[in-house]
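Chain residues, written in single-letter form:
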Amino acid sequence: MTATLPPTTGPQPGGTQPEAPLAAPRPALAHDWRRIARMGSIAAFGQVFIALSNMPVRLDERLIVKPVLSLGYLVLLILPFAAGYRQGHQIKREGVPTYAPGLNEVVGGLSCGALAGGGLSLLAVLLTHFDLREPLVNWSPILLDLLAFGNATWFAAVIWLVIGGGMGAAGGVLRLLGPRIRRAVVTMALAVAGAAVLESLVVDLAEGLGLETLTDRLYARRGGVNWSSALGLAVVSGLLAVVGRGRFRQARTRVTELEGAKRTQANVGLILLTAAVLIVLPLFAGKLTNELLANVGLFVLLALGLNVVVGLAGILDLGYVAFFAVGSYSAAVLTAATSPKIAPEMPWLAALIVVVIIAGLVGLFIGAPVIRMRGDYLAIVTLGFGEIIRLLFLSDWLSGWFGGSQGITNIPAAGIFGLTDVAGTDPRRVFYLVLAFCALAIYVSWRLEHSRLGRAWMAVREDETVAEAMGINTVNVKLLAFVVGAVLGSFSGAIFAAKVGSVFPTSFLILVSIVILVVVIFGGMGNIIGVIAGSAVLIGVLGGPKQPGLLVEFSEFKLLIYGALLIWMMLARPEGLIPSVRRTRELRQQEMAQDAWLRGEVDDDDGGNGPAGSPSAV
Amino acid sequence: MTDTQAAAAAVPGAVQPLLETRGLSVDFGGLHALDQLSFEVREGEIVSVIGPNGAGKTTLFNAITATVEVSDGDIVFEGQSLLGLDPNRVTSRGIARTFQNVRLFANMSVLENVMVSQHCRTKQHAFGALLYTRAFRREEAEIRQRAEEILRFFGTRLIGYRVDQPAFTLSYANRRRLEIARAMATQPKLILLDEPVAGMNPVESAELTGLIGRLRDEWGFAIAVIEHDMGVVREVSDRVVVLDHGVKIAEGDYADVANDPQVIEAYLGKGAGER
């Protein structure tokens, strides 16, 4: 509740510091109307954009809370709420007074939200009087109907003002709540939304575990969380949030503060636990969940490979799909009886060895010219090579080998030492196979990162010229990153070929490269756990380029959401979801230096002479 | 120090020089940044390179470390030409450098900066790391140990809690020190210091001056140093080379060079020396 004062403890650099005023309620009606107008109009614009992108109509079928809230309406409600919350945000600066939030936040939120809702009101009015279907394909009576809740236009115009205002005010109220209650409220909302989003996953798992009665109670027959269960879930999660406040963080600091051998023990325990869950879970999961997990795993594998190239060595590779394609196609050619040229069909595992060699060679082949370039030029050239590889597979010239646009079909299942056959028909086995390779990829990235080679990659990423001057053969080191990335990507490709049973050039569009890159950036470049989290969120929930995620309804808007998420991420948290320490340092150098300065940890060691230095940027 | 100075001045070229440039020229378009320059550094010697701005001092260092293209002449290090080598090969031959505008790996920790610079002296590759072999672990331990030893050379400046801090948190003077540490880590025979005390206060300058002497005496490096601070030059140099417009205009011990009319002219303009 209380707005904190600027820190008065610790060293006071500069000597004189303006007396920080006490947190007082803001004077009545001291609204920053320009700010409110700006936030409100942005939200209104967003609302209209969302409405005209057809998202509400399409997503209306997916229920979040039955019968009151569908995903379609949720996307419309979220913007006024966010705008209302955001407009009350005060930037804390030293010497500038901050006010305790009060009624003004609510009034501001209300106006902001009403403005946002006004966008939809206006749209509803326009929808009845004009027909702009020509440029705007989703300009339809269905949309109007949805906006008006089946009533007349005037109703839509009024109700959205009210709804918008209400959501905005709610956003403002959220600012008023103390941190503890706010956390509880957010947890409640997240719990209900999470339960709804993960519905198919939870139902599937519950069936495997024999807990159908629980999910029957939780979810409505047609999908969506039951009204009463949602309430119960909210109460329980809210209580948990209040009771368990800080416990999780405490536990985490207790683990991170462990030293030496005990820390290692804790880490090993954590890894074993995760591994056990990942091994046991699929046994109880149905086909759907396993399919999802396998898809996520394939992208984790790709993202880990790209992470070596982009995250560790700092080579922006926009054509990473090339290695995925090479892996897929070479596995297909080597194992499939239908592949035109190579006669003796190899077992999958034997083929894999050849695949790795081919992928490594292709990595060298593409890398050798590319690696001599830097920055933007390098990115553009990799983009080109990604396309070249796909076009080669598509071309008539090589169709004798790769089947051109017909691709290669009837790829046999991957046999593992004659023990099992892994094919797409049994996604559980695919998942286990992917899991094994992910473990390998994680081990490889982890080991290499903390080796002489990993340090050299870091140095190259920091400053290539200096790295060269410090005796690092930058060409070799970068090439090696390219090859490691290529090999990891080809693993994913080889599994993909066996899983799907056919490969076509259309599976290796440039979009795949972009999606993998977005996964890496979103998750946290340079951090293994971040990359996995990125895949889980983006591929698992929203879906991959061709693979459906948990929110199947989103598939049409996937790229839009990807883009929006990426932009938001770059603005709010450029280091990614679970960032690597190093990446955070890179992006937040000055902030960190300032924080250290405020804590009095500044390195003012200047030979014992001269005043305490101010933090200087590199 | 005066003994070595005297020895160097008395018998120039008596021993095979460690580094020698023969008629070295570097052209940038029509500009002769270096023009037929002959320059040498002997084993265990500290040579200062001075001259007004734009005289070609940094270009000389860049040419030696293969970061600019040589138009004419030859650079010989331990009897072998360095021409045509990549910068990293020059470093592994045994020439390390620091940069005029400090260029650390800012987001790597102090220790990592020194560890990574041992790259060309170590050889464990990807497979050793992947299999976590005994050799790999031994080498990692050695790299760390050597890095710590080098950092200890700077007294308390770079050890303690600072070892694991990212380099960008260091004070200016410490960044300069870390640059030197990084150069030492490549295990060179010759270190090229490009304005090591630029921007430092007198106390720091004096400390670093002592350090340059110790680098030679304790570690046995030959050192070539570009410096504008004449106090430092007088203090550290066995020999001073003066460049102007890419040409060597004077060479000798500090006193000779400081009184050379050509040098005074180069620094202060024509006629200044006659007063």
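Conventions used here
- Residue numbers run consecutively from 1 along every chain, following the written order of its sequence.
- In the order they appear in the text, chains get letters beginning with A and ligands get numbers beginning with 1.
- At least 70 in pLDDT is required for a residue's local features to be given in this predicted model, at least 80 for side-chain atom pairs to be given and counted, and no such filter applies to totals for whole chains, interfaces and linings, which use all residues.
- The basis for the side-chain values is all heavy atoms of the structure; hydrogens and waters are excluded.
- The pairing criterion for strands is at least two bridges between them, as found by DSSP.
- Each helix corresponds to a stretch of at least 4 residues labelled H or I by DSSP, and each strand to a stretch of at least 2 residues labelled E; elements are numbered beginning at the N terminus.
- Note on geometry: axes are C-alpha line fits, over the in-contact stretch for helices, and angles between N-to-C directions span 0 to 180 degrees.
- Each Phe, Tyr or Trp ring (for Trp, its six-membered ring) is paired with any other whose centre lies within 6.5 Å, and the angle between the two planes then decides the class: stacked below 30 degrees, edge-to-face above 60, tilted in between.
- Definition used: whenever NZ (Lys) or CZ (Arg) falls within 6 Å of the ring centre and also within 35 degrees of the ring normal, the charge is taken to sit over that ring.
- The pLDDT value tells you how sure the predictor is about a given residue, anywhere from 0 up to 100.
- For this analysis, residues touch if any pair of their heavy atoms sits within 4.5 Å.

1. Some words on the sheet that holds strand β6 (residues 95–97) of chain B
Sheet strands line up and pair through hydrogen bonds in the backbone, either parallel or antiparallel. Residue and element names in this part refer to chain B. With mixed pairing, six strands are arranged side by side in an open sheet as β6-β7-β8-β3-β9-β10. Of all the strands in the sheet, just β6 and β10 (247–252) have a single pairing partner and so form its edges. Taken over all neighbouring pairs, the strand axes of this sheet differ in orientation by 20° on average, direction set aside. As paired elements, strand β3 (residues 46–50) and strand β8 (residues 222–226) share four bridges and run parallel to each other. Counted as the bridge partner of isoleucine 46 is isoleucine 223 from β8.

2. Looking at the packing of aromatic side chains
In total, this model carries 20 aromatic pairs over all chains according to the counting rule given. Here Phe153(B) and Phe154(B) contribute two aromatic rings whose centre-to-centre distance is 5.2 Å and whose plane-to-plane angle is 85°, an arrangement assigned as edge-to-face. With a centroid separation of 5.7 Å and 80° between ring planes, the pair formed by Phe153(B) and Trp219(B) is classed as edge-to-face. Remark: Trp219(B) occurs in helix α8 (residues 202–219) and Phe153(B) occurs in the loop between α6 (134–152) and α7 (172–185); sequence separation between them is 66 residues. Taken together, Phe324(A), Tyr329(A), Phe393(A), Phe402(A), Phe496(A) and Phe508(A) form an aromatic cluster joined through their ring pairs. Between the NZ or CZ atom of Arg175(A) and the centre of the ring of Tyr85(A), over which it lies, the distance is 4.0 Å. The ring of Tyr132(B) has Arg447(A) sitting right over it, with the charged end atom 3.7 Å from the ring centre.

3. Focus on the confidence of the model for chain A
Residue and element names in this part refer to chain A. Confidence in the prediction of chain A, expressed as mean pLDDT, is 84, and 91% of residues score 70 or more. Confidence, read as mean pLDDT per element, is least for strand β1 (residues 24–25) in chain A (58) and greatest for helix α21 (residues 474–500) (94). Predicted confidence is poor over residues 1–21, with pLDDT under 50, and the contacts of this stretch with residues over four places away or in other chains come to 26 contacts. Here residues 606–618 is a poorly scored stretch, pLDDT under 50, and it has 24 contacts once near neighbours within four places are set aside; other chains count.

4. As for the sheet that holds strand β2 (residues 63–66) of chain A
Residues and elements named next belong to chain A. Spatially, the three strands line up as an open sheet ordered β3-β2-β5, and their pairing is mixed. Across the chains shown, the open sheet's two edge strands, defined by having one partner strand only, are β3 (69–70) and β5 (225–226). Of the strand pairs in this sheet, β2 and β5 are connected by two bridges, and their pairing is parallel. Bridging across to β5, valine 65 finds its partner in valine 225.

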